[in-house]
Every structure is written in C-alpha cells, then in structure tokens.
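So you can see what is in the structure, the chains are spelled out below.
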Amino acid sequence: MLRSLLCVLSCACLHTVVAWRLKSPALPIQSEREPQPSKGLTGCSFGGRFYSLENTWHPDLGDPFGVMHCVQCYCEPQKGRRGKVFGKVNCKNIKQDCPVLTCDDPILLLGHCCKTCAKGDDDKKQTDAVLDSFEYFHMKDKEKEGDLHKSYNDRAYLSSEDTGPRESRTDFVAVLTGGVTDSWLPGSSGVARARFSLTRTSLGFSITYQRMERPTKIVFLDSDGATAFVFRVPKGASDMICGVWKNLAKPLMRQLQSEQLRISMSTSSGPQEDVEGKVIKHRALFAETFSSTLTSKEENSGMGGIAMLTLSDVENNLHFILILQGLVKHKDKEPLLVPIRVQLVYRQHILREIRANITSHDPDFAEVLTELNSRELFWLSRGQLEIAVATEGPDPRQVSGFITGRKSCDTIQSVMSSGDALTPGKTGGVGSAVFNLHDNGTLEYQVQVAGLNSDFVGLTIEMKPRRRNKRSVLYDLTPDYNKDTGRAQGSWSRLEARHIHMLLQNELFINVATAHSQDGELRGQIKALHYSGLDTARHELPNPLAGHFVSPSVRTGASGHAWVSVDQQCHLHYEIMVAGLSKADDLTVNTNLHGLAEIGEIDDSSTPHKRLLTGFYGSQAHGVLKDMSVELLQHLDQGTAFIQVSTKTNPRGEIRGQIHVPNNCEFGTRGEVKEAEFDELFVKDPEELKKDPHTCFFENQHHAHGSRWTPNYDKCFSCSCQKRTVICDPVICPVLTCSRTIQPEDKCCPVCDERKEPKDMKAPEIVEENPEGCYFEGDQKMHAPGTTWHPFVPPFGYIKCAVCTCKGSSGEVHCEKVTCPVLTCSQPVRRNPSDCCKECPEEERTPVGLEHTDMMQADGPRHCKFGKNYYQNSDNWHPWVPLVGEMKCINCWCDHGVTKCQRKQCPVMTCINLNRKEGACCPECLDSKAEEDDLGVKVPNKRRTLRQ
C-alpha cells in the first residue's frame, strides 16, 4: 500500500481507476490493486479507503509514517467523454500556504501542519467581503457546470464535454514591472501583462505592454535564475505579442506548476527599460472577461499592476482582483499594513471609491462593485471606465488604467453545423465565422455559409435558449448577408457589457435559419480558439469543410473549417476545427477519435499525392507538414487541392473543403539541404554546440537539436535531442523469416545467417500496405504500415512484454504478448533489466551493472526499491516522500529485498499539552503559561484562497 500511495503523491493528478484496452488479443496489464468504490457511488479510491466527490483528507501512509498533515488530497469531480462523472485525486503540500504569523514564538501543535500563535488570533486580515469576492472567482466554473444540467441546453454548449486530451489547458498570469535594478539606477516605467495557457507540453503566451517601446526579446528564467527559453519578438506595430514555448521539459513544467518560473522582457534601449515578473497560477483567469493594465504617470517609477474583472451572471455586480507590483516598498521582515484607495473613474470624475488595507508582503486585493447603473455599464462596454489604485500616507503612490474586454492571441470563431442545430439534423452543410472585439466594444464579424438544404432566411447571434423553441436573439446579421456569395461582413457596435461578458465566456451562438428549418439549419457556439503558434492567418476566413463538398456528397451533421498557409521554406501549416460530430456517429470504441485529416488533389485518379496530415482526438487538429511534393504544392497554388476529415462511419471522407494557397514553391520543400549541412557543422564543432540553447548534454557530450544517436549505456536504445530534452526509446527488432540467425557484437538486433540459409527458402509474402498507416490510441501517434513497436500506455510507460504491429492491408493495430521460451535452469535471470523474458545465466551471479538499472525486473531478494531509488541489502536511509521531503524521524533498511521502516521511539509524556519543535522527532511538554492559552485559533489564509 505504501508504494501505491507514494506513486499517487508523486503525480500532479491521478485518475482513481486506470484502464487500458487494446484490440484483440487483450493483454493482462493492470494497475496495482486499489479498492473498488461502493456499487452505484462515484468518488475516489485512495490508500484502501473510498472518498466521496469533493471530499478532502490528509493521506495516511500507514505505520510508521502515519498521517501526512502537511499534504491535503482532494477528490475532484471530472466529466468523462460520455458525460459520466468520476473522481480524480489531487494532492498538494499545504505547508507553503501557512499564514505569516506576527508572534515571536509560534508553536506547532500535534496533528497540525501550520504553526500557531500561543496568544490569541492575528487580527491583521482581510474582511469577509474580500474573501467572498475571491470565492466568487473560484465557484464560477462550478456554476457553469451546474448550468449544463438545466431542463434544456444547446447541444453545442455541451460540446465542452467533448474536449480531447490535447485541448485541456491550465492558465497562468504574470505582471512585469521595472522595479529597482541598482541603488543608483531607476526602474522602468513600463508595465506588461502576460497570460499563459499550458496545453500538454506547449506553453502559449499573449503579452500586452504599456509605457515602453516594443520589446526585442522575451526570456523565461528557471528557479535558479538560468535562462530556460528565449523568444525573439518579431517586428510590428501592435501592442500584442504572441508566442509559444514548445516541448517543455518535465522539470521546467513542475517549476511552472509550483510558480517558480520568472519572465523578463528586454528592449533595444538597454537594461534600464527591462521589465520582469513571476509566473503564477490564478483561478480568476477562468472567469475573467474584462481586464486593465495599471501604470504610473511618474517616470522611472517601477510600479504597475493588473486588474482582472468579471460581471456576475445575474446581477450587475463587477467583481475584480488587483495584483500590484512596486506600489508598496518595504524591506522589513515584519509585514506592514498599508491603507489604499481604489476608485472607479470616468473622465476624471470619481464614480465609486473603496478604502481598504493591504500588507507589504501580500499587496493583492479583491472587492465587488455592486449594482452598476446603466451609464456605468455603458461606459464599461465602451472601454471608457478607468480603475485607479493609490496608497494613503506621507508618500502616496498611484497606478491606473482603462478597463477593456479581455485581450489575448486566441481567435474568437465558430463552426456552424446541422448536428449542433436546435433540432439536430444531417444536411451536409457548413457555416464558419471569425470575430474581432475592439477596445471600444465593437465586434467585427466575417461569416460564410455553404451547402444549405433550402433557401436562406436569417443569420443571427443568439444566447442559449431559456426554453425549447424560445430563441433569444441578440443581433440580426441578415442585412449584411449576400446570397450570391454566401457571406456576411460587418460590425456590431452596440454590444452591452453583459454581451461582451457572455462572448468571452463562450456563451453566445450564431444561427442560420432556412425556409425548411425556421429555427435554424446550422448553429455553432462562438468560442475562443487557443493560440498554437502556427503560421496561419486567423484574421481571414478559413476554408469551410462539409459533407456537401465530398464526392459523392455525404449527409452528415458534422462540419468544420481549416486555416492553411505555406511558409518561405514551403512547409504547410494547418489548423482544423470540427463540430457537430456526435458520439453515436463515431464508432471508434472507448475513444473520442473524430477522424483522420488528409490533404490531397481534387482529381481522385491522382491518389498517390494524397497525404495524411494527422489523426486527432477532440474537435481540433493542427501541425506542420514539411516534406511536401512538388505536385501537391502546385495543386495548392492552383486551388485544386482539398483537406478531408475521415471517420470510421465514412472512411472515404466525412467532410471536405477545397484549399487554395498561392505559393512559389516550384521545386518543392526548401531548406532541407542547408539544414543538413548546418547540422553537420554543429556536430564537428563542439564549441558551437555549447552556445546553442537547443542542444542537449548527454553522457558528457553535446548533441545538436534534431540529431539521433545510440547511447553508450545500451546499444538497444535510440536517443534524440528535442530542444534541450533527450528522449530515448527502445529499439524494436524486425521479425526475421529465416530459420537461422546470428547476433553481431556491434548491433542490437539479430540478422539472418546467410551462410546456413537454405537456398529454397521462400521469400516472405509482400502484404499490400494501407498508405495511411495505423493510428494507435495509447501513444496518439500514426505508425507506418508493417512497423512494430512496444505500446506506450500512460501511466505505465512502455510495455516491453507486448509488441504491436500495424497491419498494412487493413490499417488496424494488432497487439500481442511476447511469448517467452521454456527454461530448464533453476534460477533464470534477465540479461538486461529492460528484457521481457528471462534466460539461463552463464554463471550464478547478479548481472553486472544491475544496481544501476531497474531492480523491479531483477531476480533474487538482493536489492530494494523505495520510491525511485534502489538500495543494496542492509543499506539504511531516511525515506523521501513526495510533497513532504526527507523524513528524518523514520529509518528504513533493506532486508533481503524487503524494505522495512521504523519511526524513532519517543519517551512517554505525562503532560496534557504537547508541542513539537520544527525538525524535532519527539514532542515536548509546554510550560504552564502556554498551557493556559487558547491554542485552537487559526488565521484565515488569504493567499490560499487567492491562488490555486
């Protein structure tokens, strides 16, 4: 049980039930045994106990570790792809959330994680109203989920359940200010706000800046202050910077999640204009719909901040959170209480004013402006309201900024489909739209419609219906629609603050009504498409994808659109969105696979030039296709190419769209020869390799980005360098058809012994290959026809006792367990720890080097594994527990392969009140004075409520 609990605590999150299914034959691969929940109940299984949804607890690791009071676990409700609710265990160390105490000698009570003051309560805390305001941001996402269970819902609104694993994201924010770099050098007046979205291993960022010239470089710094990633800012006139940090290494991702990364921006003016800030996780980002960057009018002030704002869903209350930098400058260890004044201003007229206190150690602040009147809401929608924050006292400081709709590099767009209509159908039509929200509240739109079943009647922007067949129309776009082109273009200049809030919360829809479908033949949810860094012009209308364009046409409820571009190296960048494909239409078992995306030529006779782009889960796919043929590039230039999405139901095409991308790629993809020569130069010059930030250092040698090599520790592995990250995979040996094989010393795989090969041995049959290959759900990758691989199954990793094969004729994945030979020796061993099968040893001894490899596969009770470490027989150590650290009060030792642990024995205490000093293993008696104090009072922790 201890090993299971340690595994859970070492993960950021863990599903309570792990299951894996492969196509027949099934493999007997199972997770460690965990208690099953009571029949009919939904919750989390942890450490032999069952917990209901939203329960919290301190994990009990059993004797001698006991209850981890500084670790708190939470059974978080999750929705599966079929709408079923299940529990996921999240554990975190809460010691860092302990309140800052003002007493001289705080004590640690038994059974507690945080120290408390012996005398009374710390009354220097924020009011309940402030805490309630923070809680509003916390609960907004739960309110949205609850809204999905009302009597009627838009089907498109429920599409949030269809979010694939590649679309899940975590949001972060940073406030960048100048501060004071040296005692004689003043800080910059510039202020920047950076918003980050982590999607799998890519961190997209949107940065706006004020009171500074356009930055030239953005640098991410790790916990040691070393450069982790550099982004060169392209030239431009916009105050928005968009970028992506791809392939984050796991250690850096852990630092990001634990708020240890910093970001700095440099300009061409020199270091005195640099700004820097800490990247933090913030729950308010989910609900934020309005924002403001706060700057100072003073020169070289080094002050700034941001305001995150949102409207209540029903009342006209404006909730906001302030994150301030440099406004309070205080270097003492003891926190200083600072009175502030927050004002809502319109053209230098004060509309609202709030007075409160903040501390020098925690200058964040939250509040609610209640019952905004119609004029205030109008000014808010037009970007004319200003929020100002000033300190009170002998040296007053002030920052202020105008409130506008939330800015980001995401694209506001919509795919309209018949499957998402109020009355779902299968027409094969499509509609797509792109929106642009300006600071003054004007919404520009571009809409295109194709493949309608009957005559066009109306085009409207709507809210989610309150009741069935009761549409709530906000704005009519019909006058801007051109029936000849199927397009509408214009602007909506009368958005109310409530409409802006709903737009940025993905709560608005666009609807196309026709003569036969008065309530709407096509409908789509208007939502933000996450910025992925691809070189696609999202401000232009994308290419529509529909069953109407498939030959012969397909009557489907699905539709989509795609942005496609070709860069200077003749690489194809694509981004595809799909909507309206219900789970009943998708016959793939136990997945939410929406299809395979392909690109090809419109002439079906030219199938050799048809190329697979990707297989994808969820509702979107994006990527870059580099090795383009000359013919396909010419078809793109002439507009005779297409993009097609296929599914199990329609393997020859569910939706399709014609693609026209003008390009000058007469000789195919460029730059490949130059890149190869450049890589060769890097390999020859180690000094140049050291200077490249993307190189990898492995086995005392530098390797260029993109290079592959065989590691010294095992010739049966292949390693590659991907931007400072080394990835090593086991080599899969091909299946040989010869009767006799030999094993060369310098190679990993055996080869046929040609000298003893019978001459009449028949050549193996050539299987007709499926050009598309196979898509394997475990690693979410395409595999070439005929290839074999060890399946990768999260969270187990590579299953080396199984081999999967891509059947070229059918495109199906066939996985089977490796069959080990029958051995006659009494004590078989594995030659290498990564081998699946045992073999008879040449001599009865432990294999050389085994202590440095995976002891989980070693034979004999000589070694012990605890956590991620291995120990020899009779070794002693203090155990290290994730989220807790080294437990010096517990001693473990290895007893012939069995780990045994014992807590230090403490003397029996006769007193009633006990105290444990930090770092001490045993408690001690409190003096009589301390015994009389009330020790049960705990200080509310504002920061714990503020951030996740």
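Residues numbered from 1 in each chain as written. Predicted model: local features only at pLDDT ≥ 70, side-chain atom pairs only at ≥ 80, totals over all residues. Heavy atoms only, no water.

A.B. asks: So what exactly am I meant to see when it comes to the overall build of the protein chain here?
C.D. replies: Regarding its fold elements, the protein chain presents 11 helices and 64 strands. Looking at the protein chain as a whole, 48% of its 948 residues are labelled buried. Of the contacts formed within the protein chain by residues at least 6 apart in sequence, a portion of 57% connects residues at least 24 apart. As displayed, the protein chain offers around 49,100 Å² of accessible surface, 48% of which is attributable to carbon and sulfur atoms. (Helix = DSSP H or I, 4+ residues; strand = E, 2+ residues; numbered from the N terminus. Buried < 20%, exposed > 50% of the residue type's maximum accessible area, 1.4 Å probe, protein only. Contact = heavy atoms within 4.5 Å. Areas by Shrake-Rupley, 256 points an atom, 1.4 Å probe, with all protein chains shown as cover.)

A.B. asks: I tried to follow the sheet that holds strand S21 (residues 365-369) on my own but got confused; where do I start?
C.D. replies: Two orientations exist for strands paired in a sheet by backbone hydrogen bonds: parallel and antiparallel. Spatial ordering of the open sheet is given by S21-S18-S17-S16-S24, a layout of five strands whose pairing is antiparallel. Edge positions in the open sheet fall to S21 and strand S24 (404-405), since each of these has one partner strand only. Both strand S16 (residues 290-294) and S24 contribute to a ladder of two bridges, which runs antiparallel. The partner of Phe290 across the bridge, within S24, is Gly405. Contacts from helix H6 (residues 497-504) reach S16, strand S17 (304-311) and S24, with the element oriented near 95° to S17. (Pairing = 2+ DSSP bridges. Axes fitted to C-alpha atoms, helices over the stretch in contact; angles between N-to-C directions.)

A.B. asks: Is there a simple way to think about the environment of Pro465 in this case?
C.D. replies: Examined against the element boundaries, Pro465 turns out to sit in strand S28 (residues 456-467). For Pro465, a relative accessible area of 3% corresponds to the buried category. Sequence separation between Pro465 and Leu422 is 43 residues, and the spatial gap between their C-alpha atoms is 9.1 Å.

A.B. asks: What is the right way to read the pairing of strand S26 (residues 430-437) from this model?
C.D. replies: Along a regular strand, successive side chains alternate from one face of the sheet to the other. Of all eight residues making up S26, seven are buried, and the element is well covered by its neighbours. Counted between consecutive antiparallel strands, the loop separating S26 from strand S27 (residues 443-450) contains five residues, among which Gly441 sits at a positive phi close to 85°.

A.B. asks: For this particular structure, what's the right way to read the pattern of salt bridges?
C.D. replies: Proximity of charged atoms lets side chains of opposite charge pair with each other. Considering all chains together, one arrives at 17 salt bridges under this definition. Between Arg195 and Asp171 there is a salt bridge; the shortest N-O distance is 3.5 Å. Taken together, the positions of Arg195 in strand S8 (residues 191-199) and Asp171 in strand S7 (residues 169-177) put the pair 24 residues apart, joining distant regions of the chain. On the accessibility criterion, Arg195 (9% relative accessible area) is buried. Here Asp171 falls in the buried class, since its relative accessible area comes to 19%. Between Arg538 and Glu575 there is a salt bridge whose closest N-O contact spans 2.8 Å. Of this pair, Arg538 sits in the loop between strand S33 (522-529) and strand S34 (543-546) while Glu575 sits in strand S36 (residues 572-579), and the two are 37 residues apart along the sequence. Neither residue differs from the other here; Arg538 and Glu575 are each classed as buried. Look at the salt bridges and you will find they share partners, linking Asp171, Arg193, Arg195 and Glu288 into a network. (Salt bridge = Lys/Arg side-chain N within 4 Å of Asp/Glu carboxyl O.)

A.B. asks: In this structure, what is going on with unusual backbone geometry? I would like to understand it.
C.D. replies: Cis geometry is found at the peptide bond from Ser551 to Pro552, where omega equals -5°. Examined against the element boundaries, Pro552 turns out to sit in the loop between S34 and strand S35 (559-566). Despite not being glycine, Asn247 has its phi angle at roughly 55°, a positive value. One can find Asn247 in the loop between strand S12 (240-245) and helix H3 (250-257). Owing to a relative accessible area of 37%, Asn247 belongs among the partly exposed residues under this scheme. You will see that Glu259, though not glycine, has its phi angle at about 60°, which is positive.

A.B. asks: Explain the packing of aromatic side chains to me, please; I cannot follow it from the model alone.
C.D. replies: Both the distance between ring centres and the angle between the ring planes are used here to describe each pair of aromatic rings. What the rule picks out here adds up to 14 aromatic pairs. Aromatic side chains Phe220 and Phe229 sit 5.9 Å apart centroid to centroid with 50° between the ring planes, which places their arrangement in the tilted category. Each of the two residues, Phe220 as well as Phe229, counts as buried. Seen in terms of ring centroids, Tyr871 and Trp877 are 3.6 Å apart; in terms of plane orientation they differ by 5°. Their pairing is stacked. Here a set of aromatic residues connected by ring pairs shows up, and it is made of Phe196, Phe205, Phe220, Phe229, Phe231 and Trp245. (Phe/Tyr/Trp six-rings, centres within 6.5 Å; stacked < 30°, edge-to-face > 60°.)

A.B. asks: What's the story with the nonpolar core in this structure? I'm lost.
C.D. replies: For soluble globular proteins, the rule of thumb is that nonpolar side chains tend to be buried together. One finds Leu322 and Val447 to be the most contacted residues of the largest nonpolar core, which totals 59 residues. If we ignore the near neighbours within four places in the chain, the residues touching Val447 are Met416, Ser432, Ala433, Leu459, Leu477, Gly486, Arg487, Ala488, Ile510 and Leu541. Residues Leu176, Ala192, Phe205 and Phe229 belong to the second largest nonpolar core, which totals 29 residues. (Core = buried A, V, L, I, M, F, W, Y, C linked by side-chain atoms within 4.5 Å.)

A.B. asks: Is there a simple way to explain the state of the cysteines in this structure?
C.D. replies: As used here, a disulfide is simply a covalent bond connecting the sulfur atoms of two cysteines. Per the stated rule, a full pass over the model turns up 12 disulfides. The partner cysteine of Cys570 in its disulfide is Cys665, sulfur to sulfur 2.0 Å. Across the S-S bond linking Cys570 and Cys665, the dihedral sits near -100°, which makes this disulfide left-handed. One end of the pair, Cys570, is in the loop between S35 and S36; the other, Cys665, is in the loop between strand S41 (655-659) and helix H8 (672-684), with 95 residues separating them in the sequence. Summarising the burial analysis for this pair, Cys570 and Cys665 share the class buried. (Disulfide = S-S within 2.5 Å.)

A.B. asks: Explanation requested: helix H5 (residues 374-381) in the structure shown.
C.D. replies: Each full turn of the α-helix corresponds to 3.6 residues, which orients residues three or four apart in the same direction. Among all positions of H5, only Glu376, Leu377, Trp379, Leu380 and Ser381 are buried. Capping the start of H5 is the job of one residue whose side-chain oxygen sits 3.2 Å from the backbone nitrogen of Arg375: Asn373. Taken from the residues just after H5, Gly383 is the one with a positive phi, measuring 70°. (Polar contact = N/O pair within 3.5 Å; in protein donor to acceptor, adjacent residues only side chain to side chain.)

A.B. asks: Can you help me understand the sheet that holds strand S30 (residues 481-482) in this one?
C.D. replies: One open sheet accounts for nine strands, arranged S29-S28-S32-S33-S25-S26-S27-S31-S30; its pairing is antiparallel. If you trace the sheet from one side to the other, it starts and ends with strand S29 (470-476) and S30, each paired once. Two strands pair when backbone bridges link them, and strand S25 (residues 411-416) and S26 are joined in this way by five bridges, in the antiparallel orientation. For Ser414, the partnering residue across the bridge sits in S26 and is Ala433.

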